[in-house]
Each structure stands twice: as C-alpha cells, then as structure tokens.
Amino acid sequence: MKVKKIPYYGDSRILRDFNCEIREVDYEPVFIQGNEACVEAAIIAGLGFYGGYPITPSSEIAEIFSRRLPQDGKIFIQMEDEIASIASCIGASIGGLKSMTATSGPGFSLMQENIGYAVMAEIPVVVVNVQRLGPSTGAASSPAQGDLMQARWGTHGDHPILVLAPGSVKETFELTILAFNFAERLRTPVILLSDEVIGHMREKILIPPSDYILLEKRKQPFERPANYRPYSNDEDVPAMAEMGLGYRHHITGLLHDQNGFPTNSQDEIAKWYDRIYRKFDANMKDIFMYNEYMTEDADILIISFGISSRISCRAAEMARERGIKAGSLQLLTLWPIDEDYLSSVIKSKKAVIVPEMNRGQLFYDIDRLASGRVPIKKVNRTDGHMIDPEAILEVME
C-alpha cells in the first residue's frame, strides 16, 4: 500500500532540486536489508555491469544482481576471483558502462592493486566492502570496522581516494547513488565501506521515484578525436571518451603524459599529481559529508562512523538523561576529510570520544587534529560484537 503525500525524510543529498516546490510525492515503503538497498540504489544509479565473486557478508549483493541485471538487459558476471572481478569492472567502465563490484575483507585485499590502477588511469568504478572481522579469513559473519585504514592506504603510492560509510539502510541507499555520482563526476574509484550489521539489518525506507533522483554522467569530449587528450591538465577532471567512438585513449598503470603514454618527465608527473589532488580539493564541500546530533551545546563530542554512529547517538541520549551535555558527529565521508572543519569542531569541545570496532583507526586522525588541546578517548571492541552505549557512557562519566 502506498503512503500518500509523505515528504522524503531527512536531509537527502540525492534529490534533483532541494528547493523545488514539489517536495511531496507518493512513496512505496519497503522493508529491506542494507545489501538489498545497495542493489536498488545501484540499479537506479544506472549500473550497467557487475563483476564479482561471492563472499560473506556481501553475497546478497551479487545474488540479487545475478537475477536483476539480466532482466534489465544489463551485464552480470561471476568472476573466478576478486582480482578478476575488479579488473572486469575497470574494463566495463572504460567501455562506457557504470560498473561496480562488492566484496568483504579478504576479497578487498585482493583488489588493492587494481584499485591503484583505476586511480592511476582515472577510471570510475564503485567498490563496496561489507566489512567483517579479520585479519585473513577471520570470522565471516561477525561485524567489524577494521578496514578503515586499508580503504585509504591499501593500494601503494601517494594518491587520493574517496570512501563513504553508511550507518543505516537509508544511508546505504543514498550513499550508493552518491558513490556512482562522485565516481562519474571526479573520474575516480569510490569505496563504499559498509559492515556486516548494516549489510544484514532490515529497516523500512522510502525510495523516491527515480525521476526525482539526481544522477551524474561522466564528461564527454567535445573536440575532434585528433585533438583529444584523455589526461589533459587544462581542467581538473578531463573528459573520458568511450572506446569505439574514434577517440584514441591509451591506458596504462605507468605515470603518463596528457595523452596517456608513459613518461619520466618530472614536469608531466608533477602536474598529474597536482591535478588529481586538486579535483578532490575543489569538490570538498560536496564530498565531505556528516550528520550532527545534539552537537550545538555539547561539551563532549562522540565522533564515529558506520554502525557505531547509531550506538553513539544512543550514548549521547543516555548522557543527556544524566545531565551530561553530549552530542554525536557521524562521518559519512571517511576520506578525504575536511581537516579545517574537524579541527574547529574538536577544539570547541571539552573532550572527544571515538568509538569504533577496531583497535583505534579513526582515533589517530582525530587525535592528530586535536593537537593536544582537547583530551581524546578511545572506546574499542574487536571480538565481533558491537560496542555497548554503556561503554561510551562509562568513559564520559
């Protein structure tokens, strides 16, 4: 049964026009898993190719795509392993299709070399990592948040990367669409860092009609093929021509010139590095996303991400009941971070608590930004269970 005239809840970042007069539409409420929401969002975003290998706790994504994509005339391929999965997605993206793969810790480790290749060749692709307890095979069905640093530094070399982290089924839906939008806009791989709890929990969400959702397309060249430079430094994000349209497009994992051919020129290499960082810096206001909860008058700030952010909100509520002014800051974007914003927020509080299901990975950046001016406390758990809000409250008291 349709819900009549219910406005889209929350501060949606995917609707076409936030200021449009038509803000109320008919929605179909659905009760779905986080992994299912990821699939629905990817299909709305225009996914044309999925190449993957099943691995718990992300397997539902591949299973559903194996049915849905062929029905829509799109391509699904189960590859022989995760290395081939990300490679096939890169190839599909070069051919003009929006592409995606999903995995968990062990598979994410195998994908790192090709993620670096996509960074170097500036190829849009979405990689979903539904985290589980590790290292190695670890515990397949136990939640964890231990892949934060791997998402940023897993592939070698100095490079920017965009990592988004949902804390609910609704956020999984929205951030999946944004992952595709950022990948196409910035011509870059984007990592969606979910976790076992978010991937498997079920919530009721309202999915707006696809006509209301903002979708971005990659920039296409307008010049003649003879004048096309796939890595032009004249603009932060150069146009990316699809193969087969007459544009010469040399692709390599080596450092290259503006035409894509390998080079040892210091000038060419320096300009390339400057440009790939500049395209992130120029879009920081759109890229860096967060949710605030009771932070305005808070003395103690809880900074978290993923499933831990929900626990943080409850801990802040419990603290308020005991007369402690606490608030929660959920990071939806884990990399890159807006250091100026975070530094100012941290230094305006009396103390900061960082709960995470690892031994302290987000903590290191928060502690660095505090510069010793504010006490930073950790709350960690690494046994495959979620942090209790009481554990956060105990540190506050």
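Residues numbered from 1 in each chain as written. Predicted model: local features only at pLDDT ≥ 70, side-chain atom pairs only at ≥ 80, totals over all residues. Heavy atoms only, no water.

Caption draft 1: Highlighting the domain arrangement of the protein chain. Splitting the protein chain by domain gives domain 1 (25-212), domain 2 (225-285) and domain 3 (291-396). Centre-to-centre, using C-alpha coordinates, domain 1 lies 25 Å away from domain 2. Between domain 1 and domain 2, the contact holds 21 residues from the first and 24 residues from the second. For the pair domain 1 and domain 2, the summed buried area comes to about 1900 Å², and 63% of that belongs to carbon and sulfur atoms. For the pair domain 1 and domain 2, the interface holds two salt bridges. Between Lys-279 and Glu-122 there is a salt bridge; the shortest N-O distance is 2.9 Å. Counting every contact that joins domain 1 to domain 2 gives twelve residue pairs in polar contact (both at pLDDT 80 or more). With four residues, the single largest contributor to the side of domain 1 that touches domain 2 is helix H5 (residues 112-121). Grouping the amino acids of the side of domain 1 that touches domain 2 by side-chain chemistry returns eleven nonpolar, five polar and five charged. (Domains from an automatic or database assignment. Contact = heavy atoms within 4.5 Å. Buried area = accessible area lost by both parts, 1.4 Å probe. Salt bridge = Lys/Arg side-chain N within 4 Å of Asp/Glu carboxyl O. Polar contact = N/O pair within 3.5 Å; in protein donor to acceptor, adjacent residues only side chain to side chain. Helix = DSSP H or I, 4+ residues; strand = E, 2+ residues; numbered from the N terminus. Nonpolar A, V, L, I, M, F, W, Y, C, P; charged D, E, K, R; others polar.)

Caption draft 2: How the structure looks around the sheet that holds strand E4 (residues 75-78). The sheet built from seven strands is open, its strands ordered E4-E3-E5-E6-E8-E7-E13 with mixed pairing. A single partner strand is all that each edge strand has here, and the edge strands are E4 and strand E13 (333-335). Adjacent strand axes in the sheet meet at a mean angle of 20 degrees when their direction is disregarded. The sheet contacts of helix H3 (residues 82-94) involve strand E3 (47-52), strand E5 (98-103) and strand E6 (125-131), and relative to E5 the element is tilted by about 165 degrees. (Pairing = 2+ DSSP bridges. Axes fitted to C-alpha atoms, helices over the stretch in contact; angles between N-to-C directions.)

Caption draft 3: Region of the structure containing the sheet that holds strand E14 (residues 351-356). Spatial strand order, E10-E12-E11-E14-E15: five strands in an open sheet with mixed pairing. Strands at the two margins of the open sheet, each flanked by one partner only, are strand E10 (290-293) and strand E15 (376-380). Put simply, the sheet's adjacent strands are angled 20 degrees from each other on average, direction ignored. Sheet topology places E10 next to strand E12 (residues 326-331); four bridges connect them, and they run antiparallel. Looking across to E12, one finds that Tyr-290 is bridged to Leu-331.

Caption draft 4: Region of interest: helix H13 (residues 362-370). Buried within H13 are the following residues: Leu-362, Phe-363, Asp-365, Ile-366, Leu-369 and Ala-370. Projection of H13 onto a plane perpendicular to its axis shows the buried side chains occupying an angular sector of 165 degrees, all on one side. In the segment just after H13, Ser-371 is the residue with positive phi, at about 55 degrees. (Buried < 20%, exposed > 50% of the residue type's maximum accessible area, 1.4 Å probe, protein only. Arc of directions from axis to C-beta.)

Caption draft 5: How the structure looks around the packing of helix H11 (residues 307-321) against helix H14 (residues 389-396). H14 packs onto H11 with a crossing angle of 50 degrees between their chain directions and a minimal axis gap of 8 Å. On the basis of their axis angle, the class for H11 and H14 is oblique. Where H11 crosses over H14, the two elements pack in a sense that is right-handed. Contacts from Ile-311, Ser-312, Arg-314, Ala-315, Met-318 and Ala-319 of H11 reach H14 at Pro-389, Glu-390, Ile-392, Leu-393 and Met-396. (Parallel < 35°, antiparallel > 145°, perpendicular 65-115°, else oblique. Left-handed = near helix turned anticlockwise from the far one by under 90°.)

Caption draft 6: Quick peek at a nonpolar patch on the surface. Side chains of Ile-75, Ile-77 and Leu-97 sit close together on the surface and give an oily, nonpolar patch of about 210 Å² of accessible area. Its place among the elements puts Leu-97 in the loop between H3 and E5. Residue Leu-97 is classed as partly exposed on the basis of its relative accessible area of 34%. (Patch = residues over 30% accessible without salt bridge, like charges linked within 9 Å, V, L, I, M, F, W, Y side chains within 5 Å. Areas by Shrake-Rupley, 256 points an atom, 1.4 Å probe, with all protein chains shown as cover.)

Caption draft 7: Spotlight on the packing of helix H1 (residues 34-45) against helix H2 (residues 59-71). At a minimum axis separation of 9 Å, H1 and H2 run at an interaxial angle of 40 degrees. Taken together, H1 and H2 sit at an angle that is classed as oblique. As H1 packs across H2, the resulting crossing turns out to be right-handed. For the pair H1 and H2, contact is made by Asn-35, Glu-36, Cys-38, Val-39, Glu-40, Ala-42 and Ile-43 and by Glu-60, Ile-61, Ile-64, Phe-65 and Arg-68, respectively. Considering only residue class, the contact of H1 with H2 consists of seven nonpolar, one polar and four charged.

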